[in-house]
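So you can see what is in the structure, the chains are spelled out below.
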Amino acid sequence: MSVHYTLNLRVFWPLVTGLCTALVCLYHVLRGSGGDRAESPDGADGGFPLLKVVVLLLLGYILLRCRHAVRQRFLPGSPRLGRHSTFSPRHFREPSLGILLESYYEHEVRLSPHVLGHSKAHVSRIVGELVRAGRARGSPGPIPGGALALAFRGDFIQVGSAYEQHKIRRPDGFDVLVPLRLPPLVALEPRSLGAEPALAPAFHGCFVCALKAPPGASGGHWLRDCKPFADGFCVDVLGRRHLSATMVLRWFQSHLQRSLATVRYSLEGRCRVSLTHGGLEQPPTLHILPCRTDYGCCRLSMAVRLIPAVHLGDGVFLVAPPPPPSPVGPLSVLPGGLRTDALWGVNTARQEQKLLSWLQERAPPGACYLKCLQLLKALRDLGARGLDPTAATQWGRILSSYMLKTVLLAVLLREEAPAQGWDEAHVGERLEELVQFLRDCLLRRHTLFHCVLGPGGAAAEVGPLPKVLREAAPVDLLAAFDKHARELAAARLLSTWRRLPQLLRVYGGPRYLARCPPPRSQRTQGFPGDEP
């Protein structure tokens, strides 16, 4: 994995100043311990020029910081928003809104490439060691080793906004898929539930996986040979054995805990690691805390969701448990004889990354697709201010990062020439367009479909898809939420947009973020790869 670093002036100048100060102190200590102190003919102290250099460096740092702040607040070339707006015209007539957006983006939204690169590299090293240890240990579950054991495949897939270049605020949350290796005698027959009329809309994005014999295996011998695996990881659904997401998740959590105990000692010098389980409703989370002896410039505490995944082919994975808003929890029987512990979610992050790359290749240099998506996430976070925990959780689920990314893709794909009008000078107008489209989707004036599932999936244009995804029914992402919740979300979204200049003035500035981090409800809800 290649990581590109840029010079971080916020770290460089204080580091230079501190180093020079340390040299001055060391000089005076050595000079005082040397006995006779030689003075210059005019009686001046020979250390004064060096002290003067330190003072000049400090003054230079202060002047550069002031200059940077003035440029961000009063930048003359900041994008101005259009005067003829059909959505909220009185705000776009205010010329300072473009400057406020640009300043807020620079201070609160945009991530330092230096810090993000360090964080991703650190996560990659730690998770890599953990996964390799898990592969070497084999299976500790109901089938301890052998040809029918479930095991780690040995690699991991990094998904989510941090790897799609639209993460905001702090690089402290990551999603990683951990592919599992099925026994050679086991094959899967996945089926989408999108066309099941008796099921609630929340289940339409889920899949079930029946076991079947691989090509060339005889039925009777195969059933007998696979019985240990079926008893340990499968449930009966309509007379057939189906792979259970709940059983696989329970095995995965236990196996991760054992693997972490193996590598914990080797990681002590670099960081402190711990593992928390989310029960059967959330995948386990690996917490990476900086060591007290770690003097690196990016000492961040990070949380990495480790998601068990089963590869279907062409970069598509089934994940456990199904992501919200699919109901999970205690075992229950669904219409048609289905069981909640047999439900799997689908992760199409690879196809979505290819689709974003394909759109950016068609765009001219300087297109602001990802910047608009980042500002839309920031608008969501501003709208969550002042909500009680229950309302904030519901707001974060309806306007999850995955939902907002799908809104951007839908707007880009419905335009005949999506590259037009997406330059930096039109950020405000494009943000308005995204907000208006999202409001219309919440009010059911438009339907927000999954961008991959179904015959109309746009990601099929940039790469192959497994047959089960091509033949799946289209999934309406907002159908799982009731009408009242959607209308409340649309009203608050519109209110937040109308109050945007006041909110930016109140919450803008480099110091606010440290005092008031974004609500965690927006980072813990949504699809795998759905951190802000």
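Residues numbered from 1 in each chain as written. Predicted model: local features only at pLDDT ≥ 70, side-chain atom pairs only at ≥ 80, totals over all residues. Heavy atoms only, no water.

Peer 1: Would you mind going over the pattern of salt bridges with me for this structure?
Peer 2: Two side chains bearing opposite charge may form a pair once their charged atoms approach each other closely. With the rule as written, the count across this model stands at 23 salt bridges. The closest approach of N and O atoms between Arg 339 and Asp 341, which form a salt bridge, is 2.9 Å. A residue is classified by how much of its surface remains accessible, and Arg 339, at 23% relative accessible area, is partly exposed. Note that Asp 440 is salt-bridged to Arg 445, the shortest N-O span being 3.3 Å. (Salt bridge = Lys/Arg side-chain N within 4 Å of Asp/Glu carboxyl O. Buried < 20%, exposed > 50% of the residue type's maximum accessible area, 1.4 Å probe, protein only.)

Peer 1: Please explain the nonpolar core as it appears in this structure.
Peer 2: A general tendency of soluble globular proteins is for nonpolar side chains to be buried together. Formed by 116 residues in total, the largest nonpolar core has its most connected members in Leu 243, Leu 286 and Leu 306. Considering every element that reaches this core, the biggest residue donor is helix 11 (residues 369–383), with nine residues. Leu 199, Phe 203, Val 235 and Leu 334 belong to the second largest nonpolar core, which has eleven residues in total. (Core = buried A, V, L, I, M, F, W, Y, C linked by side-chain atoms within 4.5 Å. Helix = DSSP H or I, 4+ residues; strand = E, 2+ residues; numbered from the N terminus.)

Peer 1: What's the story with the confidence of the model for the chain in this structure? I'm lost.
Peer 2: A low pLDDT means the predicted coordinates there should not be read in detail. When pLDDT is averaged along the chain, the result is 79; 74% of the residues meet or exceed 70. Confidence drops under pLDDT 50 across residues 72–95; counting only partners more than four residues distant or on other chains, this segment forms 56 contacts. Contacts for the low-pLDDT stretch residues 510–529, under 50 throughout, to residues beyond four places or in other chains number 54 contacts. (pLDDT = per-residue confidence, 0-100. Contact = heavy atoms within 4.5 Å.)

Peer 1: Where do I start with a nonpolar patch on the surface in this structure?
Peer 2: Taken together, the side chains of Val 55, Leu 56, Leu 58, Leu 59 and Ile 62 make up a nonpolar region of the molecular surface, amounting to roughly 440 Å² of accessible area. Tracing the backbone through its elements, the reader meets Val 55 in helix 2 (residues 48–73). Assessed through its relative accessible area of 43%, Val 55 is described here as partly exposed. (Patch = residues over 30% accessible without salt bridge, like charges linked within 9 Å, V, L, I, M, F, W, Y side chains within 5 Å. Areas by Shrake-Rupley, 256 points an atom, 1.4 Å probe, with all protein chains shown as cover.)

Peer 1: Help me understand the pairing of strand 8 (residues 271–278), please; the structure alone is not making it clear to me.
Peer 2: Consecutive side chains along a regular strand alternate between the two faces of the sheet. Both strand 8 and strand 9 (residues 282–290) contribute to a ladder of seven bridges, which runs antiparallel. Pairing of Cys 271 across the sheet is with Pro 290, part of strand 9. Hairpin connection between strand 8 and strand 9: a loop of three residues separates the two successive antiparallel strands, and Gly 279 in this loop has a positive phi of roughly 70 degrees. (Pairing = 2+ DSSP bridges.)

Peer 1: Help me out: how do you make sense of the packing of aromatic side chains in this one?
Peer 2: The way to describe two aromatic rings as a pair is by their centre distance and the angle between their planes. This model, assessed by the stated rule, comprises six aromatic pairs. Look at Phe 152 and Phe 252: their rings are 5.7 Å apart centre to centre, the planes differ by 50 degrees, and that puts the pair in the tilted class. Of this pair, Phe 152 sits in strand 1 (residues 151–152) while Phe 252 sits in helix 9 (residues 245–267), and the two are 100 residues apart along the sequence. Taken as a pair, Phe 152 and Phe 252 share a single burial class, namely buried. Through a chain of ring-to-ring contacts, three or more aromatic side chains come together here, namely Phe 152, Phe 229, Phe 233, Trp 251 and Phe 252. The cationic tip of Arg 362 hangs over the ring face of Trp 358; the distance from NZ or CZ to the ring centre is 4.9 Å. The lysine or arginine in question, Arg 385, covers the ring of Tyr 507, its NZ or CZ lying 5.6 Å from the ring centre. (Phe/Tyr/Trp six-rings, centres within 6.5 Å; stacked < 30°, edge-to-face > 60°. Lys NZ or Arg CZ within 6 Å of the ring centre and 35° of its normal.)

Peer 1: Looking at this structure, how should I read helix 12 (residues 389–398)?
Peer 2: Given 3.6 residues per helical turn, the α-helix brings residues three or four places apart onto the same face. All of the buried residues in helix 12 are Ala 392, Trp 395, Gly 396 and Ile 398. Burial along helix 12 is one-sided: seen end-on, the buried residues are contained in an arc of 165 degrees. Of the exposed residues in helix 12, the ones pointing more than 90 degrees away from its buried face are Pro 389 and Thr 390. (Arc of directions from axis to C-beta.)

Peer 1: Please clarify how the environment of Phe 252 should be interpreted in this entry.
Peer 2: A residue is classified by how much of its surface remains accessible, and Phe 252, at 0% relative accessible area, is buried. A sequence separation of 68 residues divides Phe 252 from Ala 320, and the C-alpha atoms of the two residues are 9.8 Å apart. Setting aside its immediate chain neighbours within four residues, Phe 252 contacts Phe 152, Val 178, Leu 180, Pro 284, Leu 306, Ile 307 and Pro 308.

Peer 1: Help me out: how do you make sense of the packing of helix 10 (residues 349–362) against helix 13 (residues 401–414) in this one?
Peer 2: Angle between the axes and distance between the axes are the two parameters that describe a pair of packed helices. Put simply, helix 10 and helix 13 touch, their axes get as near as 12 Å, and they point 40 degrees apart. Judged by the inter-axis angle, helix 10 sits oblique to helix 13. For the crossing formed where helix 10 meets helix 13, the hand is left-handed. On helix 13, the residues that touch Glu 352, Leu 355, Leu 356, Trp 358 and Leu 359 of helix 10 are Tyr 402, Lys 405, Leu 409, Leu 412 and Leu 413. (Axes fitted to C-alpha atoms, helices over the stretch in contact; angles between N-to-C directions. Parallel < 35°, antiparallel > 145°, perpendicular 65-115°, else oblique. Left-handed = near helix turned anticlockwise from the far one by under 90°.)

Peer 1: Just checking my understanding: could you explain the environment of Pro 228 for this structure?
Peer 2: Among the structural elements, Pro 228 can be located in helix 8 (residues 227–233). For Pro 228, a relative accessible area of 41% puts it in the partly exposed group. Expressed as a C-alpha distance, the spacing of Pro 228 and Ala 149, which sit 79 residues apart in the sequence, is 9.2 Å.

Peer 1: Even after reading the chapter, I still don't get helix 17 (residues 500–507), so can you show me in this structure?
Peer 2: The set of residues buried in helix 17 consists of Leu 500, Pro 501, Leu 503, Leu 504 and Tyr 507. One side of helix 17 holds all its buried residues, which, seen down the axis, span an arc of 165 degrees.

Peer 1: Got a minute to help me understand the environment of Cys 372 in this structure?
Peer 2: Along the chain, Cys 372 turns up in helix 11. Between the alpha carbons of Cys 372 and Trp 422 there is a distance of 9.2 Å; along the sequence they are 50 residues apart. Setting aside anything within four residues of it in sequence, one finds Cys 372 in contact with Trp 422, Val 427, Arg 430, Leu 431 and Leu 434.

Peer 1: Even after reading the chapter, I still don't get the pairing of strand 10 (residues 302–313), so can you show me in this structure?
Peer 2: Of all twelve residues in strand 10, ten are buried; the element is thus mostly enclosed. Bridge count between strand 3 (residues 173–181) and strand 10: seven bridges; the pairing is parallel. Directly across from Val 178, in strand 10, lies its bridge partner Pro 308. The sheet contact formed by strand 9 and strand 10 spans four bridges and is antiparallel. Its bridge partner lying in strand 10, Leu 286 is registered against Val 304. When strand 10 meets strand 11 (residues 316–319), the two strands line up antiparallel, connected through four bridges. Paired with Gly 313 across the two strands is Val 316, which belongs to strand 11. Hairpin geometry of strand 10 and strand 11 is characterised by an intervening segment of two residues between the two adjacent antiparallel strands and by a positive phi of about 60 degrees at Asp 314.

Peer 1: Quick question: what am I supposed to make of the side chain of Thr 348 here?
Peer 2: Structurally, Thr 348 is set in the loop between strand 12 (345–347) and helix 10. In this structure the side chain of Thr 348 is engaged in a polar contact, spanning 2.7 Å, whose partner is the side chain of Glu 352. In this view, Thr 348 contacts Val 316, Tyr 402, His 450, Val 452 and Leu 469; residues no more than four positions away in its chain are not counted. (Polar contact = N/O pair within 3.5 Å; in protein donor to acceptor, adjacent residues only side chain to side chain.)

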